[in-house]
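This is what each chain is made of:
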Amino acid sequence: MRDYLLDLVEHTLDLGCIDLVKIVGDDTTTQISGLAEDLSVVLQGNYHKPLADFVGTFGMPNLAKLKTVLNLQEYREDAKLAITKRSTGEPDGINFENKAGDFKNNYRFMASEIVSDKLKTAKMKTLTWHVEFVPLNASIQRLKWQMQANVEEPNFQVKTENGELKFFFGDHSSHAGNFVFAGVTGQLKRAWSYPAKAFASIMDLTGDKIVRISDDGAAQITVDSGIAVYNYILPAQSK
């Protein structure tokens, strides 16, 4: 259980914009959803295997606290983690206990009706992905260099030119920069802007990645951590 929770925390809280997730589980799937406070990132994910302890609908708030508890030295080896239940049978929280049984903590879940109100499911229209590729580490590093050189620019534009996907920072009226991020076979006919910090933070997550971009104004980064598959949808931003 601890590994599943650590994986969830890394792929949500560590982005710096998500501190609440909604879990919907049954006997066949365990779904994860989240939304950045500034609406810049929509998260939709699934664990590879359904978690029997996560059957029901509930929220996981204050992920920063959960991360702190998970990483306490007392719980790093042979800890006992037990899911508590509500009278309805839905998960209510996690009891932490060290091997000796003399160090304990409790992390409480958010009730289904509350998390459903606070974290309304984002309705995403069906999109056609016009560009799809696997990002290279060298390209991710080049993105970070351009972000350093154009720190005043929160967003970058995405364009395709002659089989190359290019990222553009700024414009010709001020300081600007651009670089080739990947070679692609698809084509984008419109130039959309995306949040640089969120994009780069997702690129830094552990797991295999696939980037998809739609000409309809959205990008999706899929990250497979080996424990779960996380889909991060980035709606296009106003430049």
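For the structure given in this document, a descriptive report is provided here. (Residues numbered from 1 in each chain as written. Predicted model: local features only at pLDDT ≥ 70, side-chain atom pairs only at ≥ 80, totals over all residues. Heavy atoms only, no water.)

As for the overall build of the protein
No. 1: Secondary structure assignment for the protein yields 5 helices and 15 strands.
No. 2: Overall size of the protein, expressed as C-alpha extent along the three principal axes, is 60 × 35 × 30 Å.
No. 3: Per-residue burial over the protein gives 46% buried out of 239 residues.
No. 4: Counted over contacts in the protein with a minimum sequence separation of 6, partners at least 24 positions apart contribute 61%.
No. 5: Of the roughly 12,300 Å² of accessible surface on the protein, 47% is carried by carbon and sulfur atoms.
No. 6: Separation of charge centres in the protein, based on 26 positive and 30 negative side chains, amounts to 2 Å. (Helix = DSSP H or I, 4+ residues; strand = E, 2+ residues; numbered from the N terminus. Buried < 20%, exposed > 50% of the residue type's maximum accessible area, 1.4 Å probe, protein only. Contact = heavy atoms within 4.5 Å. Areas by Shrake-Rupley, 256 points an atom, 1.4 Å probe, with all protein chains shown as cover. Lys, Arg positive; Asp, Glu negative; His and termini not counted. Charge placed at Lys NZ, Arg CZ, Asp CG, Glu CD.)

A word on unusual backbone geometry
Glycine aside, residues mostly have negative phi angles, and peptide bonds mostly take the trans form.
No. 1: Located in the positive-phi region is N62, a residue other than glycine, with phi close to 45 degrees.
No. 2: Examined against the element boundaries, N62 turns out to sit in the loop between β4 (56-60) and α2 (63-70).
No. 3: Residue N62 is classed as partly exposed on the basis of its relative accessible area of 39%.
No. 4: Phi at D78 takes a positive value of approximately 55 degrees, unusual for a residue other than glycine.
No. 5: Relative to the elements of secondary structure, D78 occurs in the loop between α2 and β5 (80-85).
No. 6: What makes D78 exposed here is its relative accessible area of 52%.

Thoughts on the packing of helix α4 (residues 137-149) against helix α5 (residues 196-203)
No. 1: The N-to-C vectors of α4 and α5 enclose an angle of 150 degrees; their axes lie 11 Å apart at closest approach. For the element pair α4 / α5, the angle class is roughly antiparallel. As α4 runs across α5, the sense of the crossing is left-handed. From α4, I140, L143 and M147 reach across to α5, where they touch A196, K197, F199, A200 and M203.
No. 2: Looking at the contact of α4 with α5, its residues break down into 7 nonpolar, no polar and 1 charged. (Axes fitted to C-alpha atoms, helices over the stretch in contact; angles between N-to-C directions. Parallel < 35°, antiparallel > 145°, perpendicular 65-115°, else oblique. Left-handed = near helix turned anticlockwise from the far one by under 90°. Nonpolar A, V, L, I, M, F, W, Y, C, P; charged D, E, K, R; others polar.)

Topic: the nonpolar core
No. 1: Counting residues in each nonpolar core, the largest one holds 59 residues, and the members touching the most others are M60, F167, F181, F199, I213 and Y232.
No. 2: The residues contacting I213, other than those within four sequence positions of it, are W129, H130, V131, V158, L165, L188, Y194, A218 and A219. (Core = buried A, V, L, I, M, F, W, Y, C linked by side-chain atoms within 4.5 Å.)

Some remarks on the environment of Y194
No. 1: If you trace the backbone, Y194 turns up in strand β12 (residues 192-195).
No. 2: Once the C-alpha coordinates of Y194 and N155 are considered, the two residues, 39 residues apart in sequence, prove to be 5.2 Å apart.

A look at the layout of surface pockets
No. 1: If you add up the space inside the second largest pocket, you get close to 160 Å³.
No. 2: Taken together, 11 residues make up the lining of the second largest pocket; nearest its centre are F168, G170, D171, H172 and A176.
No. 3: Those elements giving two or more residues to the lining of the second largest pocket turn out to be β9 (155-161), β10 (164-170) and β11 (176-183).
No. 4: By residue class, the composition of the lining of the second largest pocket is 3 nonpolar, 5 polar and 3 charged. (1 Å grid on protein atoms, 1.4 Å probe; cavity = no way out; pocket = protein on both sides within 12 Å on 5 of 7 lines; lining within 4 Å. Points joined across faces, edges and corners; volume = space filled by probe spheres on them.)

Side note on α4
No. 1: Under the 1.5 Å per step criterion, the end-to-end length of α4 is 19 Å for 13 residues, consistent within 8% with the ideal 18 Å.
No. 2: Here α4 has its buried residues at S139, I140, L143 and Q146. Along the long axis of α4, the arc covered by the buried residues comes to 115 degrees, so they all point the same way. For α4, the exposed residues lying more than 90 degrees away from the buried face are N137, A138, W145, Q148 and A149. (Expected span 1.5 Å × (residues − 1). Arc of directions from axis to C-beta.)

Regarding the packing of helix α1 (residues 2-10) against α2
No. 1: Between α1 and α2, the shortest axis-to-axis distance is 10 Å and the interhelical angle comes to 135 degrees. With respect to their mutual orientation, α1 and α2 come out oblique. The two elements α1 and α2 meet at a crossing, and its hand is left-handed. Between α1, through R2, L5, L6 and V9, and α2, the contact on the second element is made entirely by L63, L66, K67 and L70.
No. 2: Among the residues forming the contact of α1 with α2, the class breakdown is 6 nonpolar, no polar and 2 charged.

Brief notes about the pattern of salt bridges
No. 1: All chains considered together, the criterion is met by 8 salt bridges.
No. 2: Measuring nitrogen to oxygen at the nearest pair gives 3.0 Å for the salt bridge that ties K67 to D14. With K67 in helix α2 and D14 in the loop between α1 and β1 (21-25), this residue pair connects regions lying 53 residues apart in the sequence.
No. 3: Here K67 falls in the partly exposed class, since its relative accessible area comes to 31%.
No. 4: The partner of E132 in a salt bridge is R212, with the nearest N and O atoms 3.3 Å apart. On the criterion of sequence distance, the pair formed by E132 in strand β8 (residues 131-133) and R212 in strand β13 (residues 208-214) is long-range, its members being 80 residues apart.
No. 5: Connected through salt bridges with shared partners, the residues R86, D92 and R108 form a single ionic network. (Salt bridge = Lys/Arg side-chain N within 4 Å of Asp/Glu carboxyl O.)

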